[in-house]
Amino acid sequence: MERRKFGKKLFTLVISTTVFGGLLKKANAQTKDYDPSKHYYGMGIQTNKCIGCGRCVEACKDENNVPREPFFFRTWVERYTIKKDGEVTVQNVDSRITTQRENIFEKEILRSFFVPKLCNQCDNPPCVQVCPVGATFKTEDGIIIVDEERCIGCRYCIQACPYGARYIHPEKQTADKCTFCYHRITKELLPACVEVCPSQARIFGDLRSGASPLGRFKRLFKLHVLKPFLNTEPKVSYSDLDGEVR
Amino acid sequence: MIQPLHQTLYELLKQVTGFIYPNEIEVHWGILVVVYPYLTGLVAGAFILASLVKVFNVKEVQSVYRLSLLTALAFLIIAPLPLLLHLGHPERSFEIFLNPNFTSAMAMFGFVYAWYLMVVLLLEIWFTYRKDIILWSKNERFLMRWIHKIISLFSTDVSEKSVVFDKKMVKAITIIGIPSAFLLHGYVGFIFGSIKANPWWSSVLMPIVFLFSAIVSGIALVILIYMIVTPSRGQKIDMACLDKMASFLFYAVIIDFSLELLDFIHRLYESEESIKILSDLVMNKLFISLGIIQVLLGMLLPLGVMVAIKLFRFDAELRKLLYFVSAILIQLGIFATRWNVVVGGQMFSKSFRGLTAYKMELTGFEGIFMALLLLVLPFIVLAILVKILPPWEPAPVSDLEAVSD
Amino acid sequence: MKKFLLKLPEQAGRLLIVFVVFIALILLVRFLLPASLKDHRIHIQNTVAKEMSRQVRYAGSDVCASCHDEYNLKKNGYHKNLSCETCHGTSKEHSENPTEVKPVVPRQRDFCTRCHAFDPSRPTGFPQINPSVHNPMKACVTCHNPHDPKPPNVPQECQACHAEIARTKAISSHVMLECTICHEVPTQHRVAPRNVKASIPAEREFCGKCHSTQSNIKETFKVDLATHGEKYLCWQCHYPHMPEVE
């Protein structure tokens, strides 16, 4: 009886190790050329340079197959208008809906600017903390990714994200969000939004690198992150971020 | 062709006031996630009522002890259904048990639920009914006899000693069961209360408020069931039992109301950044569901009625009517409470600059018909349980003697 | 052990059996399952590999340079910071199959106005025009080469580029003042505006030429420079293009 049990256990062990090893090898083979431990990605945004053209939003949708409807965004641009009487109006910049703006007379404006937003790839991500099945996780190089084959669509992560960066893909019924175009950055390309930005308002790079546009950005400007009091430790920093931005 | 979801969302876009993050237009937790804490709340409340008998020896409520347990079980069985229907991929739901993320309250709650179901509720019901099941199975037709034999795990010992052991186990399980019931529904509150991104939910009081509103709704439910089923069986309602249950309901409502009042005062006094949008939310979007239904009709009115009953001596018929109406109002109020927490928390933007709207469908998984079905199903399950395990009186003593040789 | 089991009441014994069977089933499931279903590290590796193998749609600017001369034209003009794909859209497929797949070539007017139409939220210094006034109906590319978009003629008036300031000044008390009265503008400024800047006045006495109590100019509002405004320069309170504001 004992021997049979032992034999059964040994057999299981051998099988699972073989399967495990095989899968590990397969996964390894695909990532052979890229070493995630050598990178730690972040982004910088210069709000002073954003012209609100919305090309980043479109490029992201092109590159990542994001549904075209104005309810699902991996990245978006907000327009802030602060009037002389102190009233603050915020609008979404959706380049297809050009007449969306309410009429604000130019001479009432005190300050007005655009703020691009996206997933902040937090270092202390609340979305990873609450996922019941561990479908969303942080990679070694700092990107938060959703495993769409494991996600059960409970939407807890969407409730937990303070920045509204996540949405449910209407067809896949799983959570989706910006991944800094992981499939591009691991091939030394730029994320799509950074690639097409006409005014270089978005700066992408390795947080550990000194001699890079991101390194200069961190050295030169006073930096802000969104909702620092929530201690999510975002890796997207903003320069010249107005106090009215949420 | 625009998909129906997108059609709804385009309409909702027009109802947005102010600014919301673009992804916030879709309300993610709808009527199904409102029904779920309502059902689990009833479980915890019914169980707490039952435990009053065993642990605190409240003799008057003895006659509804088994009914409360069966009610708790019926609702506990159905409660996971709204969650399952709400998932984007219900076929993967086993992953919560197979590959849980230990930092996730939702995943850990799956284990709390399983613990409560198996170790507390099923065991307690088993020990309570064991002797009676064995005795009943002696004189029954084929089907019921075998159902009872299987449920009793083919046990045959009905001696004095074994019954004493049963009673001891029931007491022990109830003692474990009370904190387990607290954990069960407090945990649901924690799932909301631990979301720092949402100031309407994020609160230390959330698990406590959830728990006490659960107790309120659970006791009120047992009162309702008792008042409907007892006359339909041709029996007389035991006024001492009813009065005692209503007393406990009264105390629970006072505590619940005080907690919600505390939360309200605290928010207004601290006046944090979110106070403007939350006030906007309560006065505009939630005025009816919160102001009228939850507070006025669901709490203040029943409270006033029960104070009046305590102060003035109403006769039994009037008291029965008032209890019945109050219990129904309380159910509506607690359902509205769940609505205000779950849906209310998604009606304002996390940018604190705008409000959105929730449009409930009629048909489909997230529709009102499905919600009503899910609210009715536990009663059907309860009817089946009552048939298999009648809670009214134990088996007659004469059968005991017939078996003991 | 056996004694304990014998002493146990009959029902407890039965329950214990059920309990043990249940636990055994759970353990069986956990051990018999292949590692790929259970091991979180494998899940992560597979997801990362899957994410990395997504299709790339934007080729990146340097790819275009290998075939297209326009890249060299672009790199010294005003559009040097623009990616080719900002205007030409996704071009990865084109770079792999240049003869069959062509990227878009936007020549219509509303394409350029998306970035260059005047918008009060756009940062100052960004070239903007009023589309209904600036050569309406004409395609932008008729005068501006998109790869070197300098204006076909050197702008003669300040308001060709500084329209917002001109508009503001036009309804102020400074309406009759030419820009050049306060600003010295080198001719190169019209050709290379970011490299060669116009000057601004440096002292209070400059404004005092018109506004001090000793001034000969009759129509202006007068103040005693010795006491008014302490040590501040005039434009630290008064906006020179709209000095009426309090």
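Residues numbered from 1 in each chain as written. Chains lettered and ligands numbered in written order. Predicted model: local features only at pLDDT ≥ 70, side-chain atom pairs only at ≥ 80, totals over all residues.

1. Let's talk about the overall build of chain C
- Helix and strand counts for chain C come out as 12 helices and zero strands.
- Taken from N to C terminus, the helices and strands of chain C fall in the order α-α-α-α-α-α-α-α-α-α-α-α.
- Scaling as 2.2 N^0.38, a compact globule of 246 residues should have a C-alpha radius of gyration of about 18 Å, whereas chain C reaches 36 Å, well beyond that.
- Here chain C holds 246 residues, and 13% of them are scored as buried.
- Long-range contacts, defined here as pairs at least 24 residues apart, represent 45% of the contacts in chain C between residues at least 6 apart. (Helix = DSSP H or I, 4+ residues; strand = E, 2+ residues; numbered from the N terminus. Rg over C-alpha atoms; globule rule 2.2 N^0.38 Å. Buried ≥ 20, exposed ≤ 12 C-beta atoms within 10 Å, placed from the backbone. Contact = placed C-beta atoms within 7 Å.)

2. Describing the overall build of chain B
- Across its full length, chain B holds 15 helices and two strands.
- The C-alpha atoms of chain B give a radius of gyration of 23 Å, which matches the 22 Å a tight globule of 405 residues would have.
- In terms of its C-alpha atoms, chain B occupies a principal-axis envelope of roughly 80 × 55 × 35 Å.
- When burial is assessed residue by residue, chain B has 46% of its 405 residues classed as buried.
- If you take every contact in chain B between residues at least 6 apart in sequence, the share linking residues at least 24 apart comes to 80%.

3. Brief notes about the pairing of strand E11 (residues 236-239) of chain A
Residues and elements named next belong to chain A.
- Pairing between strand E1 (residues 41-46) and E11: four bridges, direction parallel. Each residue of the ladder has a partner; that of Ile45, found in E11, is Tyr238.
- As judged from the two bridges shared by strand E10 (residues 223-224) and E11, these two strands associate in the antiparallel manner. Its bridge partner lying in E11, Leu223 is registered against Ser239. (Pairing = 2+ DSSP bridges.)

4. Describing the packing of helix H9 (residues 206-232) of chain B against helix H10 (residues 239-270) of chain B
All names here are of chain B.
- The geometry of H9 relative to H10 is characterised by a closest axis approach of 9 Å and an angle of 155° between their N-to-C directions. Relative to H10, the element H9 lies roughly antiparallel. In terms of crossing hand, the pair formed by H9 and H10 is left-handed. Taking contact as the criterion, the partners of Ile208, Val209, Phe212, Ser213, Ile215, Val216, Ile219, Ala220, Val222 and Ile223 in H9 are, on H10, Leu242, Met245, Ala246, Phe248, Leu249, Ala252, Val253, Ile255, Asp256, Leu259, Glu260 and Asp263.
- A breakdown of the residues in the contact of H9 with H10 according to their chemical character gives 18 nonpolar, one polar and three charged. (Axes fitted to C-alpha atoms, helices over the stretch in contact; angles between N-to-C directions. Parallel < 35°, antiparallel > 145°, perpendicular 65-115°, else oblique. Left-handed = near helix turned anticlockwise from the far one by under 90°. Nonpolar A, V, L, I, M, F, W, Y, C, P; charged D, E, K, R; others polar.)

5. Observations regarding the domain arrangement of chain C
- What the domain assignment reports for chain C is domain 1 (61-152) and domain 2 (173-246).
- Of note, the centres of domain 1 of chain C and domain 2 of chain C, computed from C-alpha atoms alone, are 38 Å apart. (Domains from an automatic or database assignment.)

6. Considerations on the sheet that holds E10(A)
- Across the sheet, which stays open at both edges, the four strands sit in the order E9-E1-E11-E10 (chain A) with mixed pairing between neighbours. Only two strands of the sheet have a single neighbouring strand rather than two, namely strand E9 (202-206) and E10 of chain A.

7. Quick notes on the sheet that holds strand E3 (residues 88-93) of chain A
All names here are of chain A.
- Read from one edge of the open sheet, three strands run E3-E2-E4, paired in antiparallel fashion. Every interior strand has two partners, whereas the edge strands, E3 and strand E4 (109-118), have only one. Averaged over all pairs of adjacent strands, the angle between their axes in this sheet comes to 20°, without regard to strand direction.
- Pairing of strand E2 (residues 75-83) with E4, which is carried by nine bridges, proceeds in the antiparallel orientation. Bridge assignment links Arg79 to a residue of E4, and that residue is Phe114.
- Its contacts with the sheet place helix H2 (residues 55-64) against E2 and E4, and it is angled at close to 165° to E2.

8. Observations concerning the nonpolar core
All names here are of chain B.
- Ranked by internal contacts, the top residues of the largest apolar core, which has 196 residues, are Val43, Val216, Ile219, Val222, Ile223, Met245 and Leu249.
- With 18 residues, the top contributor of residues to this core is helix H2 (residues 31-56).
- Setting aside anything within four residues of it in sequence, one finds Val216 in contact with Gly45, Leu249, Ala252, Val253, Asp256, Ile330 and Ile334. (Core = buried A, V, L, I, M, F, W, Y, C linked by C-beta atoms within 7 Å.)

9. Some words on the confidence of the model for chain C
All names here are of chain C.
- The share of residues in chain C with pLDDT of 70 or more is 98%, and the mean pLDDT across the chain is 88.
- The secondary-structure element of chain C with the lowest mean pLDDT is helix H1 (residues 2-7), recorded at 70, while helix H7 (residues 84-88) shows the highest, at 94.
- Scored as a whole, the predicted complex attains pTM 0.89, and scored at its interfaces, ipTM 0.90. (pLDDT = per-residue confidence, 0-100.)

10. Looking at the interface of chain C and chain A
- Contacts between the two partners involve 37 residues from chain C, matched on the other side by 44 residues from chain A.
- Those elements that place two or more of their residues in the side of chain C that touches chain A are helix H2 (10-32), helix H3 (35-38), helix H4 (40-52), H7 and helix H9 (109-116) of chain C.
- The dominant element in the side of chain C that touches chain A, judged by the number of residues it contributes, is H4(C), at 11 residues.

11. Regarding the domain arrangement of chain B
Residue and element names in this part refer to chain B.
- Taken domain by domain, chain B consists of domain 1 (31-194 + 362-400) and domain 2 (237-358).
- Taking the mean C-alpha position of each, domain 1 and domain 2 sit 26 Å from one another.
- Taken together, the contact between domain 1 and domain 2 spans 13 residues of the former and 13 residues of the latter.
- When residues of the side of domain 1 that touches domain 2 are assigned to their parent elements, the largest contribution, seven residues, is made by H2.

12. A word on the interface of chain A and chain B
- Taken together, the contact pairs 37 residues of chain A with 36 residues of chain B.
- Listing elements by their share of the side of chain A that touches chain B, those giving two or more residues are E3, helix H3 (126-130), helix H4 (156-160) and strand E7 (167-168) of chain A.
- Here the side of chain A that touches chain B takes four residues from H4(A), the largest share from any one element.
- Here the side of chain A that touches chain B is composed, by residue class, of 23 nonpolar, nine polar and five charged.

13. Comments concerning H9(C)
- For H9(C), the complete set of buried residues consists of Cys112(C), Cys115(C) and His116(C). End-on, the buried residues of H9(C) take up no more than an arc of 85°, which puts them together on one face. (Arc of directions from axis to C-beta.)

14. Observations regarding unusual backbone geometry
- One non-glycine residue with positive phi stands out, namely Asp240(A), at about 55°.
- Phi angles above zero are rare outside glycine, and Met137(C) is one such case at about 75°.
- Its location among the elements puts Met137(C) in the loop between H9 and helix H10 (163-170).

15. A few points about the packing of helix H12 (residues 287-311) of chain B against helix H13 (residues 316-342) of chain B
All names here are of chain B.
- The contact between H12 and H13 brings their axes to 8 Å, and the two run at 150°. Classified by the angle between their axes, H12 and H13 sit roughly antiparallel to one another. Both H12 and H13 take part in a crossing whose hand is left-handed. Of the residues in H13, those in contact with Ser289, Leu290, Ile293, Gln294, Leu297, Gly298, Met299, Leu301, Pro302, Val305, Met306 and Ile309 of H12 are Arg319, Leu322, Ser326, Leu329, Ile330, Leu332, Gly333, Ile334, Ala336, Thr337, Trp339 and Asn340.

16. A word on the confidence of the model for chain B
Residues and elements named next belong to chain B.
- When the pLDDT values of chain B are averaged, the result is 91; 96% of them are 70 or greater.
- When mean pLDDT is taken per element in chain B, H13 scores highest with 96 and helix H15 (residues 397-403) scores lowest with 47.
- Across residues 398-405 the pLDDT falls below 50, and counting only partners more than four positions away or on other chains, this stretch makes eight contacts in the model.

17. Describing the pairing of E1(A)
All names here are of chain A.
- Burial of E1 is extensive: six of the six residues sit out of reach of the surface.
- Neither face of E1 is exposed, since Tyr41, Met43 and Ile45 on one face and Gly42, Gly44 and Gln46 on the opposite face are all buried.
- Direction of pairing for E1 relative to E9: antiparallel, over a ladder of five bridges. Among the inter-strand pairings, Ile45 is bridged to a residue of E9, identified as Arg202.

18. Focus on the environment of Arg141(B)
- Here Arg141(B) is to be found in the loop between helix H6 (105-138) and helix H7 (142-151).
- Each C-alpha atom, one on Arg141(B) and one on Val209(B), is 48 Å from the other, the two residues being 68 residues apart in sequence.

19. Re the environment of Pro132(A)
- Locating Pro132(A) in the fold gives a position in the loop between H3 and strand E5 (136-138).
- The spacing of Pro132(A) and Leu230(A) is 98 residues in sequence and 21 Å in space, taken between C-alpha atoms.
- Leave out the neighbours within four places in its chain, and Pro132(A) touches Cys154(A), Tyr156(A), Ile96(B), Pro100(B), Asn101(B), Ser104(B), Met106(B) and Ala107(B).

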